[in-house]
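Analysis of the macromolecular model
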Amino acid sequence: MNIRTANRIFINGHEVGASGKPGIDATNERPDNIPYVGFSSITGDEAEIIVQVSNHAYASGGIFAPLVFGDKASVMRSRELDLLIDLMSAAGFLIPALYILVLYQLHKKEPSLLYLGLFCLFALMYVLMHGEKLLGNLWPGLDYDWFMKIQLFSSALIYFFLLRYVAVAVKGSIPRTVLRICDAATAAVAAMALALPPLVFSKMEPLLLTYSLTAVSYIAFAMVRGIRRQSEDAGLMLIGMLSILIIIVANVLTLMGLSNSLKLVPYEMLLFVITQALLLSQRFSRAFDEVEELSHKLLTLDGLKDEFLANTSHELRTPLHGMVNIAQSMVEGASGQLNRKQAKDLGMIVTTGKRLSVLINDILDFGKLKNGEILLNRQPVDLKAVTRSVMELTLHLAGSKPIRFEELWPEHLPLLDMDEERLRQILYNLLGNAVKFTSAGIVRIEAKTLDGGGLVQITVTDTGIGIADDRLQDIFKSYEQIGAAAEREYSGTGLGLNITKKLVELGGGNIWAESEPGRGSSFHFTLPVSKKPGTADQDKGTSFGSGAFEAGREEESLAVSGLAEPSSTLLLVDDDPVNLQALRGLLSAESCRLISVNNGADALKQIHSGQSIDLVITDWMMPGMSGIELCRAVRQQYSPFEMPVLILTARGLPEDVKIGLQAGANDFLRKPVDADELRARVRNLIELRKSVRSSISAEMAFLQAQIKPHFLFNALNTIISLLPVDPEKTTGLLLELSHYLRSSFDFQNREQLTTLHQEMSLVHSYLALEKARFEERLEVVYEVEAEFGGLIPPLSIQPIVENAVRHGIMQKEAGGTITIRIREDDDKICVSVMDNGVGMDSELAGRILSARTPESGVGLRNIHTRLLTLYGKGLTIESGREWGTSISFDVPKGNMAARL
């Protein structure tokens, strides 16, 4: 039965059941609407049945469904059947919901699973709140208002998730506009359900039923369109569409009052869920078949890849060995005596060729190990001798890194039962790996005989970046790299450790790693002892450094034919010594001075040292500080025109170029670089830097020539007025004016550093003329605690003093005081010019040095730009209204090259 809302039933004066408590008004009524069963014994042929109903909580009330009468067994059978149907419907939604949502957790890239799972959950809520209303029996104390709110809320979300599911499952079936309208309508209905009482929103029941009918009709329409596009799933989609259409018909009949057909709705929704679950299963089955087919293709391609690598590697070996042998013979004097640089370059070619040969061998061995084709040539092997031969090659990998190599051997170390070439390959991979991931510190190899004397444990330890615990097991897999990341700092094939592991195991040993991120790594492996008698003649311990490569950087001055003076300075930054050597060789034909460092931190030290650097050429991928990070650090002090940056990278995607340009790079070159293109781009960027330098120099010339007519007129008027009164003072002022004009027109000095004495003489002449003019309105205080022989940029103090007089002191009727403070520290000269004039707002003080603001003048901006170019730090301005202005700057001491 369906009696709305509070009701009681009496038979022959006895109450047989109730739902809620009827009342004459809302205050006396307790609304409820849960179906129930009641029994009463009847005597005779007639029974008096009284149904009490009151409704003050819903828009419509009364008996909406017939009351069922019968004997106890028949009524209970009908009741139990209805409960069974609702329970089966609830289970039919609950089980798919849990299964589909768990499946979504495992495969989150399939949003259709999420929408279908949530649709099942809210359909479950629909079943629990309609028909026998099981939720009321499961939660007897649930308030009627909240029961109705949850009912409306869950109904709205059913249509929402159903529409979303169809939009994802049937691609292109539902436009975005419709989805947005659905989002807005669902939000409105949900807000209505949660905010309004049932008496209010129940009055909108026809509107809500119309919304439901419209949503379901559109879903059916979208599925019809989907059937045409996806013919392979047409059968299941047709059944799903028919179930949706039956839901539509049931809602229409109920809305028109012709029949209460809503009991069909849960079954049709369940049928829809079953068909969609089967549909998803079919799609997953097809996806699985496609994956199997792709796997078969990939296995075939993998075999072809191995064959291609093997054939290509064999073809590369012959010319590579020829190049290495020719270069080696030239180093040994086969073609005559070489100078030091030629021998060094050829030695680098030999080392690089041997490294490439090792890589080729790794590629060949990888294929052989996969196919089980490698056989070891076992023989007694001296570990120390093999280690020394590997060390000679590994030393070149260290380049300029400050790494110390150590060997620690026991007094009696037995010979190993191993293939000597394979042992050399194992040690090269481990030592090369240690050098690659260690920017500074120690790389150590040591050995010990394990208990029993049958195995020797060899350990390679470094103080590099270390490895995270969760990656220790993965590093021995193919194509895994310790430094793998979105922006990889450490390049490689990812085969070395995998091949090393297989070779160690093939030799009868084991390999494992221990590491702590930031502290370093230790690789341990064991090999069997040779059964033939004898021990290696070992020292107890040996320690040696990386020889000529131990210095932190290399600096060369290169010029065409060695005759021309270097006209420009280039800073080369790369962690690979071979790349640095190649860059130096490519740029050797340019008239330039080259400074090379192997990391970003050292590059910043060179930049901040104050020396002349016209161009920075940096690799993108470097440990510690990448080229992009270095570029950002440079841009904090220098504009792209003041210090250009050229980035070398193997990456060429548009996103990579965008990242580099946003970081402040001027240009890009992809590796391997073409020599002519590199030189052309270097020349262009240097010319860019020179044009900026010329612009600043021309601006300074303009500053020097900028003799204000009113200043000259006022100075001459002051001198003329003093001539009859004080001829001696007039003579002194004429001398000061002469000195001021001579210094102002000294165009030969604009590209040199000047002494502090010369700059202060100009300042003194200017202030002497102004003080004669303004008399007691202008006071000057000198606080100089520095040697007058110190070097500073010309016209760096006088324009600041002039600015203080004109725009600070003389803007006040009473005048003021200018304090010039110069002190000398161990490493710099500190200059400050302070006045107690009118001052300015802090916001204006921050803008005044910008070239793009109307407040900026030539003088201060020019000084600021020159200081930035020379020393990386410009003027500092502090000011406030009425308390004055302070402008200061620092000049590093030492042999500075003039930049202007």
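Anything mentioned here points back to the structure above.
Notes on the structure follow. Because the structure is predicted, anything quoted here is derived from the model rather than measured.

As defined by bridge partners, strand β2 (residues 6–11) adjoins strand β3 (residues 14–19) across 5 bridges and the pair is classed as antiparallel. The partner of N7 across the bridge, within β3, is S19. The antiparallel hairpin formed by β2 and β3 contains 2 residues in its connecting segment, where N12 sits at a positive phi of about 50°.

Quick look at the packing of helix α12 (residues 420–436) against helix α13 (residues 496–506) now. Close contact between α12 and α13 brings their axes to 10 Å; oriented N to C, the two are set at 145°. α12 and α13 meet at a crossing whose hand is left-handed. The segment α12 lies against α13, with R422, Q425, I426, N429, L430 and N433 engaging G496, L497, I499, T500, L503 and V504.

A cluster of nonpolar side chains, L81, L84 and M88, forms an exposed patch at the surface whose accessible area comes to about 310 Å². Take L84: it is sitting in helix α1 (residues 72–106). Judged by relative accessible area, L84 falls into the partly exposed class, the value being 45%.

Bridge count for strand β26 (residues 828–835) against strand β28 (residues 884–892) is 8 bridges, and the pairing is antiparallel. The partner of K828 across the bridge, within β28, is P892. Here strand β27 (residues 876–880) runs beside β28; their pairing, made up of 5 bridges, is antiparallel. Bridging from a neighbouring strand, I877 pairs with I887 of β28.

Below, the discussion takes up the sheet that holds β2. The sheet built from 3 strands is open, its strands ordered β3-β2-β4 with antiparallel pairing. In this open sheet, the two strands that pair with only one neighbour each are β3 and β4 (49–54). Strand-to-strand twist across the sheet, computed as the mean angle between neighbouring axes with direction ignored, equals 15°.

The next point concerns the pattern of salt bridges. Pairing is possible between side chains that carry opposite charge, provided their charged atoms lie close to one another. According to the stated counting rule, one finds 16 salt bridges in the structure shown. For K341, the salt bridge goes to D345, with nearest N and O atoms at 2.9 Å. Of the two residues, K341 and D345 both sit in helix α10 (residues 340–371), 4 residues apart, roughly one turn of that helix. You can call K341 partly exposed: its relative accessible area is 35%. With relative accessibility at 22%, the residue D345 sits in the partly exposed group. Note that E420 is salt-bridged to R424, the shortest N-O span being 3.2 Å. You can see E420 and its partner R424 sitting in helix α12, 4 residues apart, about one turn around the helix. For E420, a relative accessible area of 29% corresponds to the partly exposed category. You can call R424 partly exposed: its relative accessible area is 21%.

The strand order β23-β25-β26-β28-β27 describes an open sheet built from 5 strands, whose pairing is mixed. Each edge of the sheet is formed by a strand with only one pairing partner; in this case those strands are β23 (778–785) and β27. Averaged over all pairs of adjacent strands, the angle between their axes in this sheet comes to 10°, without regard to strand direction. Packing against the sheet, helix α21 (residues 756–774) makes contact with β23 and β25 (816–824), and its axis sits at approximately 165° to β23. Relative to the sheet, helix α22 (residues 798–809) contacts β23, β25, β26 and β28, its axis offset from that of β25 by approximately 155°.

Here we take up the nonpolar core. The tendency in soluble globular proteins is for nonpolar side chains to be buried as a group. Within the largest apolar cluster, 57 residues are counted, with the highest numbers of intra-cluster contacts made by F93, F119, F147, F161, Y165, V166 and I174. Sorting the residues of this core by element identifies α1, α2 (111–128), α3 (134–138), α4 (144–169), α5 (176–195), α7 (205–229) and α9 (264–331) as the ones contributing at least two each. In terms of residues, this core owes the most to one element, α4, which gives 16 residues.

Moving on: unusual backbone geometry. Residue T5 is reached from R4 by a cis peptide bond, and omega for that bond is 0°. Mapped onto the elements of the fold, T5 is located in the loop between β1 (2–4) and β2. A positive phi angle, close to 50°, is found at N12, a residue other than glycine. With respect to the helices and strands, N12 occurs in the loop between β2 and β3. At K133, a residue that is not glycine, the phi angle is positive and equals roughly 50°. As for its placement among the helices and strands, K133 is situated in the loop between α2 and α3.

Summarising the element assignment, M391 is placed in helix α11 (residues 383–398). Sequence-wise, M391 and L427 are 36 residues apart; in three dimensions their C-alpha atoms are separated by 9.0 Å.

Under the criterion given, the structure shown has 3 aromatic pairs. Ring plane angle 40° and centroid distance 6.4 Å describe the contact between W620 and F668, whose orientation is recorded as tilted. You can see W620 sitting in the loop between β19 (615–619) and α16 (627–635) and its partner F668 sitting in strand β21 (residues 667–670), a full 48 residues away along the chain. W620 gets classed as buried once you look at its relative accessible area, which sits at 0%. These aromatic residues form a ring-pair network of at least three members: F122, F160 and F161. Between K72 and the ring centre of F39, over which it is positioned, the NZ or CZ distance is 5.5 Å. Taking NZ or CZ as reference, K149 lies 5.7 Å from the ring centre of W146, over its face.

Scoring rules and cut-offs
- Residues numbered from 1 in each chain as written.
- Predicted model: local features only at pLDDT ≥ 70, side-chain atom pairs only at ≥ 80, totals over all residues.
- Heavy atoms only, no water.
- Pairing = 2+ DSSP bridges.
- Helix = DSSP H or I, 4+ residues; strand = E, 2+ residues; numbered from the N terminus.
- Axes fitted to C-alpha atoms, helices over the stretch in contact; angles between N-to-C directions.
- Left-handed = near helix turned anticlockwise from the far one by under 90°.
- Contact = heavy atoms within 4.5 Å.
- Patch = residues over 30% accessible without salt bridge, like charges linked within 9 Å, V, L, I, M, F, W, Y side chains within 5 Å.
- Areas by Shrake-Rupley, 256 points an atom, 1.4 Å probe, with all protein chains shown as cover.
- Salt bridge = Lys/Arg side-chain N within 4 Å of Asp/Glu carboxyl O.
- Buried < 20%, exposed > 50% of the residue type's maximum accessible area, 1.4 Å probe, protein only.
- Core = buried A, V, L, I, M, F, W, Y, C linked by side-chain atoms within 4.5 Å.
- Phe/Tyr/Trp six-rings, centres within 6.5 Å; stacked < 30°, edge-to-face > 60°.
- Lys NZ or Arg CZ within 6 Å of the ring centre and 35° of its normal.

Note that every value here comes from positions in space, so none of it alone points to a role or purpose.
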